[in-house]
Amino acid sequence: MNGFPPSLGRHQIAIDPGTRRIKLLATEASKRGVRVLRHLTIDLREEGLLTEEEIRHQVEAAVADLGDHPIALAIPQPVAISQVVDLPAIAEMDIKKFIEGETVSLSGLSESLVLYDFCRLRPFGRFQNPCWLTISREENVQQQFHRLTASETEVKEVTTTANALIAAYRSLQPEPDDVVLVDLGAGRTVVAVMQAGQGVFAASFPKGSDAFTEAIMAANQCSIDEAEGLKRAQDLLAEPARLPGLCAAVDGWFRELEKMLQEWWQANADLAASFRPCRLLLS
């Protein structure tokens, strides 16, 4: 989950289920990287879709349009935990058993109720034998399946939003890099930190572009559709169209992002010291 899923084959369909839009990509993997063949978007607000059955019908139609390929599903970041675990000096055959114990410890659930995935990382900072571990309650993953796909649809790979960000960046920039990846969604922002080309931190906070839209609606006394149109058509953060309420909403969002990163830096001071000048990429 810290890279592009190798089990899907040459062609695959990736599904990203947002709260406002469901995005689908038909892609082709090769030695040169991953190429997007087609993309489709289902606008849930525009379609007026209210029931899970209607959403599933739209997703199934989109998948059929893109072709009969294996499906990879990105589950929302809040329903999973991704973090670095330092493996002890144990035999290779015992690593899986150790990881299973860690999933129970981190989740507080029995092994039968938890789904997990892991990959080995190169040593960095204080971590001598690091492993990137992602866990989620089985119930939460099944809920995502039920919302988006029919029971007979086979999902070949499951990842999280942060892990998908890391995999996408690595496919475009294979050289080791230090970077902060930020996905600004409608109701939530997902953050992933990469050090020397590998993911070392992933989290999210419940604030997104909906707060910007609401600020525009309040300032202009307009509908949500009008506010969304203004947000895309005009620079409302600068004169002459500057909206103080929107500026305050953006500043509040940025402070949340800064707080999350600062808390992580403080908890990983030894790692922060080894970072090269770091870029931040906003999606």
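Residues numbered from 1 in each chain as written. Predicted model: local features only at pLDDT ≥ 70, side-chain atom pairs only at ≥ 80, totals over all residues. Heavy atoms only, no water.

J.: I would appreciate a short explanation of the sheet that holds strand E5 (residues 80–86) in the present structure.
T.: Two orientations exist for strands paired in a sheet by backbone hydrogen bonds: parallel and antiparallel. Taken together, the three strands give an open sheet; going across it, the order is E5-E7-E6, and neighbouring strands pair in antiparallel fashion. Both edges of this open sheet fall to E5 and strand E6 (114–120), since each of them pairs with a single strand only. Averaged over neighbouring strand pairs, the angle between their axes works out to 20 degrees when direction is ignored. Taken together, the seven bridges between E6 and strand E7 (residues 130–137) define a ladder with antiparallel strand orientation. Across the sheet, residue arginine 120 finds its bridge partner in E7, namely cysteine 131. Sheet strands in contact with helix H3 (residues 95–107) are E5, E6 and E7, and its direction is about 130 degrees off that of E6. (Pairing = 2+ DSSP bridges. Helix = DSSP H or I, 4+ residues; strand = E, 2+ residues; numbered from the N terminus. Axes fitted to C-alpha atoms, helices over the stretch in contact; angles between N-to-C directions. Contact = heavy atoms within 4.5 Å.)

J.: Explain the environment of isoleucine 166 here, please?
T.: Within the secondary structure, isoleucine 166 sits in helix H5 (residues 161–172). Classification of isoleucine 166 by relative accessible area gives buried; the value is 0%. On a C-alpha basis, the gap between isoleucine 166 and valine 193 in space is 8.4 Å, while along the polypeptide they are 27 residues apart. (Buried < 20%, exposed > 50% of the residue type's maximum accessible area, 1.4 Å probe, protein only.)

J.: Even after reading the chapter, I still don't get the pattern of salt bridges, so can you show me in this structure?
T.: A side chain with one charge can pair with a side chain of the opposite charge if their charged atoms come near. Counted under the stated rule, the structure contains 13 salt bridges. Between arginine 38 and aspartate 65 there is a salt bridge whose closest N-O contact spans 3.2 Å. Pair noted here: arginine 38 is in strand E3 (residues 33–43) and aspartate 65 is in helix H2 (residues 52–66), with a separation of 27 residues, a long-range link. With relative accessibility at 44%, the residue aspartate 65 sits in the partly exposed group. Salt-bridge contacts for glutamate 92 lead to arginine 120; the nearest nitrogen and oxygen are separated by 3.1 Å. One end of the pair, glutamate 92, is in the loop between E5 and H3; the other, arginine 120, is in strand E6, and 28 residues separate them in sequence. In this structure glutamate 92 comes out as exposed when scored by relative accessible area, which is 59%. Classification of arginine 120 as partly exposed rests on a relative accessible area of 37%. (Salt bridge = Lys/Arg side-chain N within 4 Å of Asp/Glu carboxyl O.)

J.: For this particular structure, what's the right way to read the confidence of the model for the protein?
T.: In low-pLDDT segments, the atomic positions of the prediction should not be examined closely. With 94% of its residues at a pLDDT of at least 70, the protein reaches an overall mean of 88. Confidence, expressed as mean pLDDT per element, reaches its minimum in the protein at helix H9 (residues 269–274) with 75 and its maximum at helix H6 (residues 210–220) with 96. The low-confidence segment residues 1–7 (pLDDT under 50) makes 23 contacts with residues lying over four places distant or belonging to another chain. (pLDDT = per-residue confidence, 0-100.)

J.: What am I meant to see in the packing of aromatic side chains here?
T.: Here the distance between the centres and the angle between the planes together describe a pair of aromatic rings. With the rule as written, the count across this model stands at six aromatic pairs. Seen from their ring centres, phenylalanine 124 and phenylalanine 127 are 5.1 Å apart, and the 50 degrees between their planes marks the pair as tilted. Residue phenylalanine 124 shares its accessibility class with phenylalanine 127, and that shared class is buried. Between phenylalanine 212 and tryptophan 253, the ring centres sit 6.4 Å apart and the planes meet at 85 degrees, which makes this aromatic pair edge-to-face. Placement of phenylalanine 212 in helix H6 and of tryptophan 253 in helix H8 (residues 244–267) is noted, with a sequence separation of 41 residues between them. The exposure class of phenylalanine 212 is buried, given its relative accessible area of 9%. Cluster of aromatic residues (ring-pair linked, three or more members): Phe201, Trp264 and Trp265. (Phe/Tyr/Trp six-rings, centres within 6.5 Å; stacked < 30°, edge-to-face > 60°.)

J.: How should the packing of H6 against helix H7 (residues 224–233) be read in this particular structure?
T.: Between two packed helices, both the angle of their axes relative to each other and the distance between the axes serve to describe the pair. It is at 9 Å that the axes of H6 and H7 come closest, and there the two elements cross at 110 degrees. Compared by their axis directions, H6 and H7 come out roughly perpendicular. Residue-level inspection shows Phe212, Thr213, Ile216, Met217 and Asn220 of H6 in contact with H7, the latter providing Ile224, Ala227, Glu228, Leu230 and Lys231. (Parallel < 35°, antiparallel > 145°, perpendicular 65-115°, else oblique.)

J.: Would you mind going over H2 with me for this structure?
T.: The periodicity of an α-helix, 3.6 residues per turn, causes residues three or four positions apart to be oriented the same way. Between its first and last C-alpha, H2 extends 21 Å over 15 residues, near the 21 Å set by a 1.5 Å rise per residue. Residues of H2 that are buried: Ile55, Arg56, Val59, Ala62, Val63 and Leu66. Seen along its axis, H2 keeps its buried residues to an arc of 130 degrees; they face one direction. Residues of H2 that are exposed and point more than 90 degrees away from the buried face comprise Glu53, His57 and Ala64. Of the residues one or two after H2, glycine 67 is the one with positive phi, at around 120 degrees. (Expected span 1.5 Å × (residues − 1). Arc of directions from axis to C-beta.)

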